[in-house]
Amino acid sequence: MSAEIEELLKRYQNYPNVVGIIVLDPFAIPIKTTMDYTLTVHYAALISTLTFKAAKMVTNLDSSNELVNLRMRTLNHEVIVVPSESYIIIVIQKPGT
Amino acid sequence: MSAEVEELLKRFQALKNVIGIVVVDNDGIPIKTTLEYNLTLHYVALMQTLREKARQVVQDLDATNEFTFLRLRTLLHEVMLCPQDDYFIMVLQNPCD
């Protein structure tokens, strides 16, 4: 699993607009990050609670449905979260060309 | 504001793949909807919470930043949430594969 994560990180880090990548374990503990630690922990805590809430909401609306991807656009960045069973990936990018 | 809302609804509804559109005012009351009423209320209740949570997350991370758009991709649909000053719009669509 670790090799898989390394490969993903390398691939995404090469995109010019990517500000940071955080990989969390299913308990929202950062296992890999390209940003500084305090910021990572801050993002991990807040974004993971938002994602869990969104995922719960989706299954609440329709029990056969599941959250695949969450994309949040703000004034300065775009945060993309992909939850899965073994890890949660958060990518922060500057939107635009 | 009502003419603005009508025009937006018409524009989005014309797009293929759009399942439904809900326009909600700041008090959480759906002012316009193309979905069935009970489903609308269900979506509004959950989206209201999620919107508030997303706003808090963004403010907490960076007080100068603001949450402008949220896109939830699920197995079956895609939900897009756009908050504005007086209202927020939620669009439910079948994403093209």
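Residues numbered from 1 in each chain as written. Chains lettered and ligands numbered in written order. Predicted model: local features only at pLDDT ≥ 70, side-chain atom pairs only at ≥ 80, totals over all residues. Heavy atoms only, no water.

As recorded by an unreviewed UniProt entry, chain B carries the name Dynein light chain roadblock and is attributed to Drosophila kikkawai. In its Sequence similarities (unreviewed entry) section, the UniProt entry covering chain B states "Belongs to the GAMAD family." (UniProt positions renumbered as here; feature names shortened; annotations may be inferred.)

Chain A is annotated in an unreviewed UniProt entry as Dynein light chain roadblock from Drosophila kikkawai. Quoted verbatim from the Subcellular location (unreviewed entry) heading of the UniProt record, the comment on chain A is "Cytoplasm, Cytoskeleton". Per UniProt, chain A has the following entry under Function (unreviewed entry): "Acts as one of several non-catalytic accessory components of the cytoplasmic dynein 1 complex that are thought to be involved in linking dynein to cargos and to adapter proteins that regulate dynein function. Cytoplasmic dynein 1 acts as a motor for the intracellular retrograde motility of vesicles and organelles along microtubules."

Draft legend 1. Structural detail: the nonpolar core. Of all hydrophobic cores here, the largest spans 41 residues; its most connected members are I47, M72 and I90 of chain A together with M47 and L72 of chain B. Sequence-distant contacts of I90 of chain A, defined by excluding residues within four places in its chain, comprise G20, I21, I22, L24, A44, I47, V79, I80 and V81 of chain A. One finds V5, L8, I21 and V23 of chain B within the second-largest nonpolar core, a separate group that totals 10 residues. (Core = buried A, V, L, I, M, F, W, Y, C linked by side-chain atoms within 4.5 Å. Buried < 20%, exposed > 50% of the residue type's maximum accessible area, 1.4 Å probe, protein only. Contact = heavy atoms within 4.5 Å.)

Draft legend 2. Region of interest: the interface of chain A and chain B. On the side of chain B, 27 residues touch chain A, which itself brings 27 residues to the contact. Counting each side, the surface lost to burial between chain A and chain B is near 2,500 Å², with a carbon and sulfur contribution of 72%. For the pair chain A and chain B, the number of links is 15 residue pairs in polar contact (both at pLDDT 80 or more). Elements that contribute at least two residues to the side of chain A that touches chain B include exactly α2 (37-61) and β3 (67-74) of chain A. In terms of residue count, the dominant contributor to the side of chain A that touches chain B is α2 of chain A (12 residues). Of the residues contributing to the side of chain A that touches chain B, the split by class is 13 nonpolar, 9 polar and 5 charged. Of the strand pairs in this sheet, β3 of chain A and strand β3 (residues 67-74) of chain B are connected by 7 bridges, and their pairing is antiparallel. The residue bridging N69 of chain A from the neighbouring strand is R73 of chain B, located in β3 of chain B. (Buried area = accessible area lost by both parts, 1.4 Å probe. Polar contact = N/O pair within 3.5 Å; in protein donor to acceptor, adjacent residues only side chain to side chain. Helix = DSSP H or I, 4+ residues; strand = E, 2+ residues; numbered from the N terminus. Nonpolar A, V, L, I, M, F, W, Y, C, P; charged D, E, K, R; others polar. Pairing = 2+ DSSP bridges.)

Draft legend 3. Molecular detail of the environment of A28 of chain A. Along the chain, A28 of chain A falls in the loop between β1 (18-24) and β2 (30-33). Not counting the four nearest positions on each side in its chain, A28 of chain A is found in contact with A44 and S48 of chain A.

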